[in-house]
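Below, each chain spelled out in residue letters.
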Amino acid sequence: MATLTTGTRIFGPLCATGAVTGTGASIYIQLDFKPIKVELYNIDDAGGQTQLVWTSALPDASGIKIIDSGAGVTDALYISTLGITPGSGGFTIGADTDVNVVGESIMWVAWRSAR
């Protein structure tokens, strides 16, 4: 499991953004808060773009995966494993084979509670 400690940008009190290179294994993103929403974007996917979204209404390791093939076809599906898991000081990107691909760039946005 890799830990991202550099490259994180905090935008005001409510969100942080960053990027990491896919490993095919779980990647831990270290933050100073527990996220209530996380968005991941695989921007290097040769077949289009894959997005994974998790909110606090979903269980750990899950997410809504949106795959845009680039040919006008978009698929959205719920995944219950290998998704996003929040932690008290960050989140884990699971080993989903469409999002966390070895050598491909994953951009992320993590949102915190306003309370």
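In this report, the structure presented in the accompanying data block is examined. Computed from a predicted model, the values in this text were never measured in an experiment. (Residues numbered from 1 in each chain as written. Predicted model: local features only at pLDDT ≥ 70, side-chain atom pairs only at ≥ 80, totals over all residues. Heavy atoms only, no water.)

**Some points on the pairing of strand S4 (residues 27-30)**
Item 1. On S4, burial follows the alternation: Ile-27 and Ile-29 on one face are buried, whereas Tyr-28 and Gln-30 on the facing-out side are not.
Item 2. Inspection of the sheet shows S4 paired to strand S9 (residues 90-93) by 4 bridges, in the antiparallel sense. Within the sheet, the bridge partner assigned to Gln-30 lies in S9 and is Gly-90. (Buried < 20%, exposed > 50% of the residue type's maximum accessible area, 1.4 Å probe, protein only. Helix = DSSP H or I, 4+ residues; strand = E, 2+ residues; numbered from the N terminus. Pairing = 2+ DSSP bridges.)

**Thoughts on the pattern of salt bridges**
Item 1. Evaluation of the coordinates by the stated rule reveals 4 salt bridges.
Item 2. Of the charged contacts in the structure, one is a salt bridge between Asp-32 and Arg-112, with a shortest N-O distance of 3.9 Å. Of this pair, Asp-32 sits in the loop between S4 and strand S5 (37-42) while Arg-112 sits in the segment after strand S10 (105-111), and the two are 80 residues apart along the sequence.
Item 3. Overall, Asp-32 belongs to the exposed group, its relative accessible area being 58%.
Item 4. Each of Lys-65, Asp-96 and Asp-98 takes part in one network of salt bridges that share partners. (Salt bridge = Lys/Arg side-chain N within 4 Å of Asp/Glu carboxyl O.)

**Brief notes about a nonpolar patch on the surface**
Item 1. Among the surface-exposed residues, Leu-14, Ile-36 and Trp-111 lie close enough to one another that they form a single nonpolar patch of about 230 Å² accessible area.
Item 2. Counting through the fold element by element, Leu-14 comes out in the loop between strand S2 (9-11) and strand S3 (15-21). (Patch = residues over 30% accessible without salt bridge, like charges linked within 9 Å, V, L, I, M, F, W, Y side chains within 5 Å. Areas by Shrake-Rupley, 256 points an atom, 1.4 Å probe, with all protein chains shown as cover.)

**A word on unusual backbone geometry**
Item 1. Unusually for a residue other than glycine, Ala-61 sits at a positive phi of about 65°.
Item 2. By secondary structure assignment, the location of Ala-61 is in the loop between strand S6 (49-55) and strand S7 (62-68).
Item 3. The class for Ala-61 is partly exposed, based on a relative accessible area of 23%.

**Structural notes on the environment of Asp-45**
Item 1. If you trace the backbone, Asp-45 turns up in the loop between S5 and S6.
Item 2. For Asp-45, a relative accessible area of 23% corresponds to the partly exposed category.
Item 3. Counting along the chain gives 53 residues from Asp-45 to Asp-98, while the straight-line C-alpha distance between them is 8.0 Å.
Item 4. Beyond its immediate sequence surroundings of up to four residues, Asp-45 is in contact with Thr-50, Asp-98 and Glu-104. (Contact = heavy atoms within 4.5 Å.)

**Examining the nonpolar core**
Item 1. If you look at the biggest cluster of nonpolar residues, it comprises 18 residues, and the most contacted ones within it are Ile-29, Leu-31, Leu-40, Phe-91, Ile-93 and Trp-108.
Item 2. Counting residues per element, the ones that place at least two in this core are S3, S4, S5, S6, strand S8 (74-87), S9 and S10.
Item 3. Sort the elements by how many residues they give to this core and S10 lands first, with 3 residues. (Core = buried A, V, L, I, M, F, W, Y, C linked by side-chain atoms within 4.5 Å.)

**Considering the environment of Trp-108**
Item 1. Mapped onto the fold, Trp-108 is located in strand S10.
Item 2. Residues Trp-108 and Tyr-41, 67 residues apart in the sequence, show an inter-C-alpha distance of 6.3 Å.

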